[in-house]
Amino acid sequence: MIMNNLKNAVVTEIINAITVHSVKGRYENIYNRRWYGLSFCTDGQITYTHNGKSFVSDNKHAIILPQNGSYTLYGNREGLFPLINFCCKDILTDTFLSVPIENPEIFMADFEQIKSLLLFDENHAKVMSIFYNMLHRLTSHTHTDNTILPALKFIEKNYNNPLLTNTLIADECNISEVYLRKLFSKHLKTTPKQYISDIRLQKAKHLLSEGILKINAVAENCGFSNPYHFCRVFKEKTGLTPTEYIKQNKISKI
């Protein structure tokens, strides 16, 4: 029944998209949650307890958090948890919903795109379109073709190499570059080059939000050829310089 509600959800507003830093041993009581939430995990683990039942958030599960819900959470492992808060026309669920996901990288890329688009009011339609596609994937019984998984895993391990190319990826996966581009177009609706760019920006945002590394080090860790190129691409894609992004993206709580 809950999955049917998710399939038929009428989303009226995306409130925000934030990346939450949860530390190990964190324990909190949450009362009357203001909005519905869709939460993912890049690393780490949180256990939610609601009405005597436990729900685990990790990089293999997406979590739907109920509006007006009261619950406790415990940080099993430190990590980052992308979160989209939203409102619906009708009641979506009065409990937590844990949805297994096979390819978290796809959802993370969508999250980062929504987060960037929310900076400008005129992007409302695009934001809603991406979010509905995310809900569709969560409720779909079909999963991404396994033929693309080696490429995604290779990119995840090598995105910080500024010399990463379609040729390297295709050779690693024993496929042609033409077939590689077809796989990305079919399953991700993007190109390998754009996917790599999105992953690098996603990682850069995480590092900038943490505020530990200098901008030059963030650029190097994320595979940009030099800091100037990084700053130019970052401003072009987000509308903010890395310094402005740091100031506006303090780590928040779920």
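Per-chain numbering applies: the sequence of each chain, read as written, is numbered from 1 onward. Local features in this predicted model are restricted to residues whose pLDDT is 70 or higher, and side-chain atom pairs enter the listing and the counts only when it is 80 or higher, whereas totals over whole chains, interfaces and linings include all residues. Side-chain metrics rest on all non-hydrogen atoms present in the structure, leaving aside hydrogens and water.

Peer 1: What's the story with the pairing of strand E7 (residues 71-77) in this structure? I'm lost.
Peer 2: Side-chain positions along a regular strand alternate between the two faces of the sheet. Of the pairings in the sheet, the one linking strand E2 (residues 27-30) to E7 comprises four bridges and is antiparallel in character. Across the sheet, residue Tyr27 finds its bridge partner in E7, namely Tyr74. Between any two strands, pairing holds if DSSP finds at least two bridges. Counting from the N terminus, the helices are the DSSP runs of H or I reaching at least four residues and the strands are the DSSP runs of E reaching at least two. Of the strand pairs in this sheet, strand E4 (residues 45-50) and E7 are connected by five bridges, and their pairing is antiparallel. Across the sheet, Tyr48 pairs through a bridge with Leu73, a residue of E7.

Peer 1: Help me out: how do you make sense of the pattern of salt bridges in this one?
Peer 2: Should the charged atoms of two oppositely charged side chains come close, the side chains can pair. Salt-bridge detection follows one rule: a side-chain nitrogen of Lys or Arg within 4 Å of a carboxyl oxygen of Asp or Glu. On inspection of all chains with the given rule, the structure shows five salt bridges. A salt bridge links Asp110 to Arg137; the shortest N-O distance between them is 2.1 Å. A residue pair is termed long-range when its members are at least 10 positions apart, and Asp110 in helix H2 (residues 104-117) and Arg137 in helix H3 (residues 124-139) qualify at 27 residues. Measuring nitrogen to oxygen at the nearest pair gives 2.9 Å for the salt bridge that ties Glu156 to Lys203. Taken together, the residues Glu156 in helix H4 (residues 149-158) and Lys203 in helix H7 (residues 192-210) connect sequence positions 47 residues apart. Residue exposure (1.4 Å probe, protein chains only): buried if accessible area is under 20% of the type maximum, exposed if over 50%, otherwise partly exposed. According to the relative accessible area criterion, Glu156 is partly exposed, its value standing at 26%.

Peer 1: Could you clarify how one ought to interpret the sheet that holds E2 in this entry?
Peer 2: Hydrogen bonding along the main chain pairs the strands of a sheet, whether they run parallel or antiparallel. Here we have four strands laid out as an open sheet, ordered E2-E7-E4-E5, and antiparallel in their pairing. At either end of the open sheet lies a strand with only one pairing partner, and these are E2 and strand E5 (53-57). When strand polarity is set aside, the average angle formed by the axes of neighbouring strands in this sheet is 25°. Under this scheme, a helix contributes an axis fitted over its contacting stretch, all axes are lines through C-alpha atoms, and angles between N-to-C directions fall in the 0 to 180 degree range.

Peer 1: Would you mind showing me how to read the sheet that holds strand E8 (residues 79-88) here?
Peer 2: What the five strands build is an open sheet, ordered E1-E8-E3-E6-E9; its pairing is antiparallel. Since the sheet does not close on itself, it has two edges, and those belong to strand E1 (11-22) and strand E9 (97-100), each with one partner. Strand-to-strand twist in this sheet, taken as the mean axis angle between neighbours without regard to direction, amounts to 20°. Here E1 runs beside E8; their pairing, made up of 10 bridges, is antiparallel. Residue pairing for E8: Val20 is matched across the bridge by Phe81. Sitting on the sheet, H3 touches E1, strand E3 (36-39), strand E6 (61-65), E8 and E9, and the angle it makes with E1 is about 75°. For this analysis, residues touch if any pair of their heavy atoms sits within 4.5 Å.

Peer 1: Would you mind going over unusual backbone geometry with me for this structure?
Peer 2: Of all residues except glycine, most have a negative phi; of all peptide bonds, most are trans. The phi dihedral of Asn32 falls on the positive side, at around 50°, and the residue is not glycine. Considering the arrangement of structural elements, one finds Asn32 in the loop between E2 and E3. A positive phi angle, close to 50°, is found at Asn51, a residue other than glycine. Within the element layout of this structure, Asn51 appears in the loop between E4 and E5.

Keep in mind these values describe shape, not function.
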